[in-house]
Amino acid sequence: MKFNVVTIFPEIVHAYVGMSILKRAVEKNLITVDIHNLRDYAEDKHKMVDDYPYGGGSGMVMKPEPFFRIAESIWPQKNKRKIIALSPKGRLFTQELASEISRESRDIVLLCGRYEAIDERVMQHLADDEISIGDYILTGGELPALVIIDAVSRLLTGVLGDSHSAKEESFSWGLLDYPHYTRPDEYDGMAVPRVLLSGNHNEITLWRKKQALKITQKRRPDLLRKYSLTQDEQRLLNDIKEEL
Ligand SMILES: C[S@@+](CC[C@H](N)C(=O)[O-])C[C@H]1O[C@@H](n2cnc3c(N)ncnc32)[C@H](O)[C@@H]1O
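Being a predicted model, the structure only gives us computed values, none of them experimental.

On to the site of the ligand. Of all residues adjacent to the ligand, which total 20 residues, the nearest are Leu86, Gly113, Leu138, Gly141 and Pro144. The set of elements that each furnish at least two residues to the shell around the ligand consists of strand S5 (81-92) and strand S7 (117-118). At 4 residues, the largest contribution of residues to the shell around the ligand is made by S5. A breakdown of the residues in the shell around the ligand according to their chemical character gives 10 nonpolar, 7 polar and 3 charged.

What follows covers the packing of helix H4 (residues 95-102) against helix H6 (residues 142-153). As a packed pair, H4 and H6 sit with axes 9 Å apart at the nearest point and diverge in direction by 75°. With respect to their mutual orientation, H4 and H6 come out roughly perpendicular. For the pair formed by H4 and H6, the contact residues are Ala98, Ile101 and Ser102 on the first element and Ile148, Ala151 and Val152 on the second.

Right, let's talk about the sheet that holds strand S4 (residues 61-62) for a bit. Taken in spatial order, the 3 strands line up as S3-S4-S7 in an open sheet, and their pairing is mixed. Two strands lie at the open edges of the sheet, namely strand S3 (50-51) and S7, each paired on one side alone.

So, about unusual backbone geometry. In this model, Arg183 is joined to Pro184 through a cis peptide bond whose omega is 5°. Inspection of the secondary structure assignment puts Pro184 in the loop between H6 and strand S9 (186-187). Here the phi dihedral of Asn29 falls at roughly 60°; this positive angle occurs in a residue that is not glycine. Summarising the element assignment, Asn29 is placed in the loop between helix H2 (20-27) and strand S2 (32-37).

Turning to the nonpolar core, a few remarks are in order. Ranked by internal contacts, the top residues of the largest apolar core, which has 44 residues, are Ile84, Leu110, Leu111, Ala145 and Ile148. Here the element with the most residues in this core is H6; it accounts for 6 residues. If we ignore the near neighbours within four places in the chain, the residues touching Ile84 are Ile108, Val109, Leu110, Leu111, Ala127, Asp128, Asp129 and Ile131.

The domain architecture assigned to the chain consists of domain 1 (2-153) and domain 2 (186-243). Taking the mean C-alpha position of each, domain 1 and domain 2 sit 39 Å from one another.

Before going further, it helps to spend a moment on the sheet that holds strand S6 (residues 107-111). Two pairing modes exist for strands in a sheet, parallel and antiparallel, and in both the strands are linked by backbone hydrogen bonds. Taken together, the 5 strands give an open sheet; going across it, the order is S2-S1-S6-S5-S8, and neighbouring strands pair in parallel fashion. Two strands lie at the open edges of the sheet, namely S2 and strand S8 (129-132), each paired on one side alone. Neighbour to neighbour, the strand axes of the sheet diverge by 30° on average, direction disregarded. One ladder, built from 5 bridges, connects S5 with S6; its direction is parallel. Looking at S6, one finds that Ile84 is bridged to Leu110. Most of the contacts of H6 go to strand S1 (residues 2-7), to which it runs at about 175°, and overall it touches S1, S2, S5, S6 and S8.

So, how was this worked out
- Each chain has its residues counted from 1, running along the sequence as written.
- In keeping with the predicted nature of the model, local features appear solely for residues at pLDDT of at least 70, side-chain atom pairs appear and are counted solely at 80 or more, and the whole-chain, interface and lining totals rest on all residues.
- Near residues are defined by distance alone, with the backbone-placed C-beta atom required to lie within 6 Å of the molecule or strand.
- Helical segments are the DSSP runs of H or I of at least four residues, strand segments are the runs of E of at least two, and each set is numbered from the N terminus.
- Throughout this entry, Asp, Glu, Lys and Arg are counted as charged residues, while Ala, Val, Leu, Ile, Met, Phe, Trp, Tyr, Cys and Pro are counted as nonpolar. The remaining residues, Gly among them, count as polar.
- With axes taken as lines fitted to C-alpha atoms, and helix axes fitted only over the stretch in contact, angles between N-to-C directions fall between 0 and 180 degrees.
- The cut-offs work like this: below 35 degrees is roughly parallel, past 145 is roughly antiparallel, 65 to 115 is roughly perpendicular, and the gaps in between are oblique.
- Any residue pair is listed as a contact if its two C-beta atoms, each placed from the backbone, are within 7 Å.
- Should DSSP find at least two bridges between two strands, the strands are taken to pair.
- Note on terminology: a nonpolar core is any set of buried Ala, Val, Leu, Ile, Met, Phe, Trp, Tyr and Cys residues joined through C-beta atoms within 7 Å.
- With C-beta atoms placed from the backbone, the exposure class of a residue follows from how many other C-beta atoms lie within 10 Å of its own: 20 or more, buried; 12 or fewer, exposed; in between, partly exposed.
- For every domain, the bounds stem from an assignment made automatically or drawn from a database.

Below, the structure is given as structure tokens:
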């Protein structure tokens, strides 16, 4: 999968992509992340990428020309790229959307905004999609771009060592994740649930399912309403409701 990030702060993106799982994914040629400095596509000698807002008001607006110029120069064929502008006004990024992007055959181009906004003509006439990573305002689109690259990459075959690990995580199967423990089995009076030390895999699976249902019921009942319960799960949930 090929990601491209268009930013005026390439160092931020380089730093994250150059570490850990994403670094290994790049080394294994499972993903590429090309980072483009938007200033290289500014038209004037001062490499200006922002200007005052028409109509007045505070803050600067990112100029449209550098965005259109980079797209025409690097991704001239519209059917071969999907341009995503990062914006708090975009559709909400979820695990489902990460999965949708992971199946994309076109190159992914992520446009990072800064200042007050990106000129609306970029949103209307260049971007194929606008994505928000949540209902809060960040100073720039670099973190949202990295969030998308990270969440999408770990869904690609071979990126995670254990191919099952992505499938069993929160959201992937519709419930929040069950609790995890490692050694020591007792620390400062805090013990690991005995069932996990029992070696009984059926019991462990049942315990994990119950814990996942319990935490989802407590923290995200909205997820549970969308989840289709098996009869066994419904029974477990009834027990949990009684316990709660
Ligand atoms: C300070 S924000 C601009 C906020 C804008 N004035 C508004 O109220 O919607 C600057 C840039 O950061 C990025 N950004 C900030 N918060 C974001 C979010 N929650 N999701 C995606 N991108 C975000 C966008 O690229 C945006 O253009």
